[in-house]
Amino acid sequence: AERVTTVEPVEDEPVEIAIDKDGGTFIDGTEVSPSELPARLEEIAGAQDGDNPRQIMLRGDTAISYGQMMRVMGELNRAGLNSVSLVTTGSGNEN
């Protein structure tokens, strides 16, 4: 049975937060400065439904430090976004 919904189907899509190899942070492809990040995350968290938390896909380049990844992870938790999947994207030269 297909679930048909007319209300903003994008709400079910995970929000993609990416950290590129230079440490830049992007939300759904739009660069967000470190100072703006907490407010943007709180906005996403504020819009979520308690029964259906927003899925966050945190995509980090393997070139960045684990600490940078954890810093963003910490911001997510502080904003109340706890449903996070970690994805690492390499520059293809790891094998």
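Calculation rules
In every chain, residue numbers begin from 1 and rise along the written sequence. Local features in this predicted model are restricted to residues whose pLDDT is 70 or higher, and side-chain atom pairs enter the listing and the counts only when it is 80 or higher, whereas totals over whole chains, interfaces and linings include all residues. Where side-chain values are given, they derive from all heavy atoms of the structure, hydrogens and water being excluded. Pairing between two strands requires that DSSP report at least two bridges joining them. Under the DSSP-based scheme used, a helix requires at least four consecutive residues in state H or I and a strand at least two consecutive residues in state E, with every element numbered from the N terminus. Interaxial angle, 0 to 180 degrees, is taken between N-to-C directions of lines fitted to C-alpha atoms, where a helix line uses only the stretch in contact. Residue contacts are counted whenever heavy atoms from the two residues lie within 4.5 Å of one another.

Draft legend 1. Representation of the sheet that holds strand S5 (residues 84-89) in the model. Strand order in the open sheet made by the 5 strands is S3-S2-S1-S4-S5, with mixed pairing throughout. Both outer strands of the open sheet, strand S3 (30-32) and S5, are each paired with one neighbouring strand and no more. Each strand of the sheet is rotated relative to its neighbour by a mean of 25°, with strand direction disregarded. As paired strands, strand S2 (residues 25-27) and S3 are joined by 3 bridges and run antiparallel to one another. Within S3, the position partnered with Phe26 by the bridge is Glu31. Against the sheet, helix H1 (residues 37-47) contacts strand S1 (15-19), S2, S3 and strand S4 (56-61), and its axis sits at roughly 25° relative to S2.

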